[in-house]
Each structure stands twice: as C-alpha cells, then as structure tokens.
Amino acid sequence: MIKINLLESVTDRSSGSVAVVEERVANPRAQTMVLALVVAALLVLAMGYNYMSTSAEHAAAVKELEKQQQIASQMDAINKEQAEIEKKTKDIQLRIDAIQKLRASQQGPGSVLKAIKDRIDSVPGLYLESVEHKNGDLTIKGVSPNEAAVTRFGQSLEFSSGLFSNLSIETERKALDKVSLDPAEPKPEVVSFTIKCKYMPNGPTPAKPATTTPAAPAPAAPSNQIAQK
C-alpha cells in the first residue's frame with residue numbers, strides 16, 4: 001500500500017508561492033513599477049485637486065467681475081441722473097433769479113405808489129396829477145384845496161422812518177376856470193404843489209399813518225422849505 005504525505009506537499013507548495021512573491025517584490029524592476037504607479041496616482045490626485053480649486057477660483061472671479069460690472073453700471077446710471085438733476089436745478093435757479101429780478105422791478109413802482117397812497121388817504125381833498133420816480137429821485141405833483149393839506153401831506157412823507165427824505169415843497173395858487181352866471185363872482189382857487197424828495201425803499205418799513213380828521217383851513221409852514229411862486 002502506497003502512503004502519501006499530503007501535509008508535506010501542501011507545505012511545499014505554499015512555501016514555493018511565498019518564495020515567488022518575495023522574489024518578485026524583491027525585484028528592483030517591480031519596485032520601480034510600484035513606485036511609479038504610486039507617484040502617478042499622487043500626481044493624478046494633485047492635478048485633480050489643482051483643477052478643482054482653479055475652477056472654483058475662476059468661477060468666483062467671474063462672479064465677482066460680473067458683480068463689479070453691475071455696480072459700475074449702476075454708478076454710471078446714478079452719475080448721469082445726478083448730472084441731469086444738477087442741470088435741472090441750475091436751470092430752475094436761473095428761472096428763480098429771473099423771476100425775483102422781474103418781481104423786484106415790478107414792485108419798485110408799485111411800492112412807491114402804495115406808500116404815497118397810504119399818506120394821501122390820510123389827507124382828504126388832496127389830488128395827484130403825476131408821480132415821477134427816477135434813480136431814487138421822486139417828484140410828486142398835485143393840487144389841494146388849501147396849503148394846510150399840502151403841509152400835512154409833506155409831514156407824513158417826512159416822518160416816514162427814512163422812506164422819504166430831503167423833502168422840498170413848492171406851492172402856487174391857481175384860479176379854477178369855472179363857468180359862472182355872475183361875472184363878478186370870484187373864481188375859486190386851489191393850491192398846486194410840487195414835492196421833490198428821495199425815495200429809499202431799502203430803509204426801515206414805515207408804519208401806515210393813521211387817518212386824521214380834516215382840520216379847518218389854516219396856512220402853516222412845513223418843516224422843510226416851501227417856495228411860493
């Protein structure tokens with residue numbers, strides 16, 4: 001009967017396989033190939049990581065560039081709108097200045113006439129024929145039933161808190177051309193007056209004179225010069 005030692009055969013085969021593996025691993029060529037494969041894998045991983053990070057940075061840069069371009073576009077629109085607003089504001093200011101100048105030129109004659117009217121209203125029976133205002137010089141011509149009314153009117157101009165100054169009054173008696181059935185009847189007379197003064201609208205605003213009751217006619221000399229012709 002033939003006896004076979006199976007343990008020895010298995011052991012012999014296992015040791016042979018291990019020896020082959022050890023022989024291959026110990027081979028420099030095999031070691032070089034393994035190292036090359038490891039290095040290649042690391043390079044691939046590094047290149048992949050670099051590509052991914054570069055792509056992410058590029059996408060962030062593109063997004064930031066678009067954002068900056070959008071902000072620049074908005075700033076250009078804001079600057080254009082601001083320039084238009086400044087231009088409109090300048091045009092409006094020019095119109096306002098022109099309107100103010102026009103109003104100032106219109107208020108000049110109106111203000112002097114109002115100031116004279118306020119004082120004429122306080123002297124009943126006084127009538128104006130003309131008012132001339134030129135370069136601050138004011139000339140008032142009119143008629144009055146008596147010299148007392150002219151005197152009161154001159155005093156109201158004089159005491160005007162500096163609105164009227166340097167008064168000069170000239171008076172002249174004139175007979176009215178009145179048709180009468182009796183030629184012997186004397187013709188009524190009126191007092192023609194001319195007042196020259198300075199008008200200072202930039203001075204203090206004078207108070208409106210109070211209305212006085214008419215007094216009995218009595219000649220009186222005004223505080224300023226009165227020249228009778």
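My aim in this report is to walk through the structure given alongside it, one point at a time. Throughout this description, residue numbers start from 1 for each chain and increase along the sequence as written. Whole-chain, interface and lining totals are the exception, using all residues; otherwise, since this is a predicted model, local features are given only for residues with pLDDT of at least 70 and side-chain atom pairs are given and counted only at 80 or more. Each side-chain value is derived from all of the structure's non-hydrogen atoms; neither hydrogens nor water enter the calculation.

Brief notes about the overall build of the protein chain
Then comes step 1: Helical segments are the DSSP runs of H or I of at least four residues, strand segments are the runs of E of at least two, and each set is numbered from the N terminus. Of the regular secondary structure elements, the protein chain holds three helices and five strands.
Then comes step 2: Going from the N terminus to the C terminus, the protein chain shows its helices and strands as α-α-β-β-α-β-β-β.
Then comes step 3: We call two residues in contact when some of their heavy atoms are within 4.5 Å. When contacts within the protein chain are restricted to residue pairs at least 6 apart in sequence, long-range pairs at least 24 apart make up 65% of them.
Then comes step 4: In the structure as shown, the protein chain presents an accessible area of about 17800 Å², 60% of it carried by carbon and sulfur atoms. Note on areas: Shrake-Rupley, 1.4 Å probe, and residue coverage restricted to the protein chains presented here.

Describing the side chain of Thr139
Then comes step 1: Along the chain, the position of Thr139 falls in strand β2 (residues 137-144).
Then comes step 2: Only protein chains enter the calculation, and the probe is 1.4 Å; a residue is then buried if its accessible area is under 20% of its type maximum, exposed if over 50%, and partly exposed in between. For Thr139, a relative accessible area of 17% gives the class buried.
Then comes step 3: Among residues more than four places away in sequence, those in contact with Thr139 are Ser130, Val131, Glu132, Thr194, Ile195 and Lys196.

Thoughts on the pattern of salt bridges
Then comes step 1: Throughout this description, the term salt bridge denotes a Lys or Arg side-chain nitrogen within 4 Å of a carboxyl oxygen of Asp or Glu. If you walk through the whole model with that rule in mind, you get three salt bridges.
Then comes step 2: Here Asp121 ties to Lys117 by a salt bridge, and the two come within 2.9 Å at their closest N and O atoms.
Then comes step 3: Since its relative accessible area comes to 48%, Lys117 is described here as partly exposed.

Things to note about the nonpolar core
Then comes step 1: Take the buried Ala, Val, Leu, Ile, Met, Phe, Trp, Tyr and Cys residues and link them wherever side-chain atoms come within 4.5 Å; each set so joined is a nonpolar core. With 21 residues, the main nonpolar core has Ile116, Leu126, Leu138, Ile140, Phe153 and Phe164 as its most contacted residues.
Then comes step 2: Every element with two or more residues in this core is listed here: α2 (28-120), β2, α3 (147-158), β3 (164-175) and β4 (189-199).
Then comes step 3: In terms of residues, this core owes the most to one element, β4, which gives five residues.
Then comes step 4: Not counting residues within four places of it along the chain, the set of residues in contact with Leu126 comprises Ile120, Val143, Ser144, Ala149, Val150, Phe153 and Phe193.

Looking at α3
Then comes step 1: Along its 12 residues, α3 runs 16 Å from first to last C-alpha, staying within 8% of the 16 Å computed at 1.5 Å per residue.
Then comes step 2: With nine of its 12 residues buried, α3 lies for the most part within the structure.
Then comes step 3: Turning to α3, its buried residues are Glu147, Ala148, Ala149, Val150, Thr151, Phe153, Gly154, Ser156 and Leu157.
Then comes step 4: Pairs of N or O atoms are called polar contacts if they sit within 3.5 Å, as long as, within protein, a hydrogen donor faces a hydrogen acceptor (for residues adjacent in sequence, only side-chain-to-side-chain pairs). Two to three positions downstream of the cap, the backbone nitrogen of Ala148 sits 3.2 Å from a side-chain oxygen, assigning the N-cap of α3 to Asn146. What a helix is expected to span follows from its residue count: subtract one and scale by 1.5 Å.

Details of unusual backbone geometry
Then comes step 1: If you check the backbone angles, Asn166 has positive phi at about 55° while not being a glycine.
Then comes step 2: Mapped onto the elements, Asn166 comes out in strand β3.
Then comes step 3: On the basis of relative accessibility, which here comes to 61%, the residue Asn166 falls in the exposed class.

Some points on the pairing of β4
Then comes step 1: Of all 11 residues in β4, eight are buried; the element is thus mostly enclosed.
Then comes step 2: Being paired, for any two strands, means DSSP has found at least two bridges between them. The pairing of β2 with β4 spans eight bridges and is antiparallel. Bridge pairing links Asp137 to Lys198 in β4.
Then comes step 3: In this sheet, β4 lies alongside β3 in antiparallel orientation, the contact comprising 10 bridges. Among the inter-strand pairings, Ser165 is bridged to a residue of β4, identified as Lys198.

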